Amino acid sequence: MSQATRPSYIRVFLTFARNSLVRDMTFRTNFALQCVSSLGWTLMNVGFYLIVFQHTESIGEGTGWDRDRFFVFLATTWFINSLVQAFFMPNAEEFSELIRTGGLDFALLKPIDTQFLISFRRIDWSALANFFAGMVIAIVALVRLASRESDPYTPSLLASGLYFVFIACGVAIMYSLMICLSATSIWLGRNQTLYNFWFYITNFSRYPMEIYNRGWGQPLFGFFTFVVPVLVVVNIPARLLAKPLDPRSPWEIWLIAWGIVATVLSVVASRMIFKLALLSYRSASS
Amino acid sequence: MVLRTAIGERLVYRGDFALGTLMRFLPIVTQIFLWYAVFDSIGKPTGDGAESIGGYQFEDMVAYYLIAMIARAFSSMPNLAAGISRQIREGEIKRYLIQPIDLIGFLLLTRIAHKLAYYAVAVAPFALVFFLCRDYFVAGFPPPHLFVAFLGSLVMGFLIGFFLEAAIGMIGFWFLEVSSLLFVFMLFSFFLSGHMFPLTLLPDGVAAVVQWLPFKYLAYFPAAVFLGKVPDDELPMEMAVEAAWLTVLIVGCRFAYARGVRRYSGYGG
């Protein structure tokens, strides 16, 4: 491809974003309903954890995940999940549809990177409602954490900066996982259970990783840290923000280093799997 | 006939289906670890002198989630209310008015057939999971009278789930678009049925209200009966209240249908 025809990725992305917004705004009631429904789900979760913390001081003996810190953790989960759901989920769903109907042919023909095209085409703006819900949770939890009597804590500037970096890493890992999952639909023909599978895998990432570190949880702990690194996605940023940067045990420093390596590895691996999957794509229908 | 179709449908994708059912238990894995961590931080999680929350020890909690899963499998009616209101909106419901078929009866039969077909295939993954988790049932198998009560509460749970959803669907006769209402209903039923946690964990004020709502029969009640958490002397009364709710819902549903049909003006072609 010559330089002259090289598309401007940012402009294409902005166009996609605008088109999606126009589409969402066309059905405004539906949009509002979707926002409300995801907020309802958030409320239910908050309720559940409030009930859990009625009966306990912290999650796990000596792990330090008390109520305010855990809600910082929960907000982090909400940030990452809402970003993934807004930007990637609708595309991944559409991708398996494209394969089934043969519409992928047209995506392949366009003079732009296919992975870019199919992963950013549609943005579900209503999923960002949960992003704001996460923000509310985070602000309330941080204020309570800073103003409480026993062991108050305010994250430092450095910690907050690192938090955003690792949120981005977390989103990148989740995106890679999703690309891998949807690439399998090229081989399997269809992948209707994608969303379910996604839900069940990410379910593991929703709690502090310490809780898996016992008995028969250790294989799970290892698998979801090193093979499918969903455990590091929320754990690293949440832990950076909710607990003092210093002192840290050595394993946490290794964990953070592994977080960066895992991000790079999963992005590269997903890219390779995607390309490999495209090679075995045979157009559907006629 | 309806039954045979439903079973046929299920068996076509049995491998996929069994795997899907197994995956449904994955969230319980995280729940096991979450609750272990919670019990660990308030005291001793297992063995003698173990802590309990809302009358549930750690093992009970896990067993509770497993049984509640069965109860939900009986009582959940995916798309029932939405289906009814869609049929009303699109005028498909005319079919039941001119043919000698009763809408509610037909739908109920379809659901029974679906559930039977579901269990015919799902029994294998369920058995596997329960076998793996047998250690969490510390009290062992419940005594016969509790087991009978458990079966009764499952069947009634199924019927309550059906008539509750059907009654909500009937609202479609008055309001054409019920999706938002349905959503609120689903939220409540998910939270208050005890699918997420045993209802005894709720703060006392809330628990006293929830105690009298029909939602608890969808998941909490059968599980509590199975685990012997309902005292023997209260059990007959509880079952009677459940039966009363069921009667109210059946009558309500029938009444709404009869009134709705009179209002009905046959939209669509």
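Rules of the game
- Each chain has its residues counted from 1, running along the sequence as written.
- Labels follow written order: the first chain is A, the first ligand is 1, and so on.
- Note on the predicted model: pLDDT of at least 70 is required for a residue's local features to be given, and 80 or more for side-chain atom pairs to be given and counted; whole-chain, interface and lining totals, by contrast, use all residues.
- Helix and strand definitions follow DSSP, with helices as H or I runs of at least four residues and strands as E runs of at least two, each counted in order from the N terminus.
- Exposure classes come from backbone-placed C-beta atoms, where a residue is buried if 20 or more other C-beta atoms lie within 10 Å of its own, exposed if 12 or fewer do, and partly exposed in between.
- Residue pairs are scored as contacts if the distance between their C-beta atoms, which are placed from the backbone, is within 7 Å.
- Only the C-alpha atoms count toward the radius of gyration. The rule for a globule is 2.2 Å times the residue count to the power 0.38.
- Side-chain classes follow a simple rule in which Ala, Val, Leu, Ile, Met, Phe, Trp, Tyr, Cys and Pro form the nonpolar group, Asp, Glu, Lys and Arg form the charged group, and the remainder, Gly included, forms the polar group.
- To estimate how far a helix should extend, the number of its residues minus one is multiplied by 1.5 Å.
- Across the chain, each position has a pLDDT score giving the predictor's confidence in that residue, from 0 to 100.
- Nonpolar cores are built from buried Ala, Val, Leu, Ile, Met, Phe, Trp, Tyr and Cys residues. These are joined into a set through C-beta atoms within 7 Å.
- Inter-axis angles, ranging from 0 to 180 degrees, are taken between N-to-C directions of lines fitted to C-alpha atoms, where helices are fitted over the stretch in contact.
- Reported orientations rely on four angle classes, namely roughly parallel under 35 degrees, roughly antiparallel over 145, roughly perpendicular from 65 to 115, and oblique for the rest.
- Take the far helix as the reference: if the near one is turned anticlockwise from it by less than a right angle, the crossing is left-handed, and if turned clockwise, right-handed.

A separate point is the overall build of chain B. Summing up its helical and strand segments, chain B has twelve helices and zero strands in all. Reading the helices (α) and strands (β) of chain B from amino to carboxyl end gives α-α-α-α-α-α-α-α-α-α-α-α. In chain B, which comprises 269 residues, the proportion classed as buried is 35%. By sequence separation, contacts in chain B at least 24 residues apart represent 81% of the contacts at least 6 residues apart.

What follows is about the overall build of chain A. Check the secondary structure of chain A and you find twelve helices and zero strands. Beginning at the N terminus, the succession of helices and strands in chain A can be written as α-α-α-α-α-α-α-α-α-α-α-α. What you see for chain A is a C-alpha radius of gyration of 20 Å, in line with the 19 Å of a compact globule of 286 residues. For chain A, the C-alpha atoms occupy an extent of roughly 65 × 45 × 40 Å along the three principal directions.

Counting residues at the interface gives 25 residues for chain B, matched by 25 residues for chain A. For the side of chain B that touches chain A, the elements supplying multiple residues, two or more each, are helix 2 (14-23), helix 3 (26-42) and helix 9 (179-192) of chain B. The class makeup of the residues in the side of chain B that touches chain A is 19 nonpolar, five polar and one charged.

Moving on: helix 11 (residues 230-242) of chain A. In this model helix 11 of chain A runs 19 Å from its N-terminal to its C-terminal C-alpha over 13 residues, within 8% of the 18 Å that 1.5 Å per residue would give. Among the 13 residues that make up helix 11 of chain A, 13 are buried, leaving the element largely enclosed by the rest of the structure.

To continue, consider the environment of Trp251(A). Relative to the helices and strands, Trp251(A) resides in helix 12 (residues 250-279). Sequence separation of Trp251(A) and Arg271(A) is 20 residues, and the distance between their C-alpha atoms is 29 Å.

Bringing the confidence of the model for chain B into the picture now. Looking at chain B as a whole, the pLDDT averages 80, with 91% of positions reaching at least 70. Model confidence for the complex: the whole-complex pTM is 0.82, and ipTM, which rates the interface, is 0.78.

Before going further, it helps to spend a moment on the nonpolar core. Of all hydrophobic cores here, the largest spans 126 residues; its most connected members are Val72(A), Ile67(B), Ile160(B) and Ala223(B). Non-local contacts of Ile160(B), meaning those with residues more than four positions away in its chain, are made with Ser75(B), Pro214(B), Tyr217(B), Leu218(B), Trp245(B), Leu246(B) and Leu249(B).

Bringing the packing of helix 3 (residues 67-87) of chain A against helix 11 of chain A into the picture now. Residues and elements named next belong to chain A. Relative orientation of the contacting elements helix 3 and helix 11 amounts to 135 degrees, with a least axis distance of 9 Å. With respect to helix 11, the element helix 3 is oriented oblique. In this structure, helix 3 crosses over helix 11, and the sense of that crossing is right-handed. Residues Arg69, Val72, Phe73, Thr76, Thr77 and Ile80 of helix 3 pack against Val233, Val234, Pro237, Ala238, Leu241 and Ala242 of helix 11.

If you check helix 4 (residues 58-75) of chain B, its first and last C-alpha atoms are 25 Å apart, about what 18 residues at 1.5 Å a residue would give, namely 26 Å. For helix 4 of chain B, the buried fraction is high: 16 of the 18 residues fall into the buried class.

Looking now at the environment of Arg28(A). On the secondary structure map, Arg28(A) appears in helix 2 (residues 28-55). Linking Arg28(A) and Asp68(A), residues 40 residues apart in sequence, is a C-alpha distance of 36 Å.

Turning to the packing of helix 2 of chain A against helix 9 of chain B, a few remarks are in order. Interaxial distance between helix 2 of chain A and helix 9 of chain B falls to 11 Å at its minimum, and their mutual angle equals 10 degrees. Taken together, the axes of helix 2 of chain A and helix 9 of chain B lie roughly parallel to each other. For the pair formed by helix 2 of chain A and helix 9 of chain B, the contact residues are Leu33(A), Ser37(A), Gly40(A), Met44(A) and Gly47(A) on the first element and Ser179(B), Ser180(B), Phe183(B), Leu187(B), Phe190(B) and Phe191(B) on the second.

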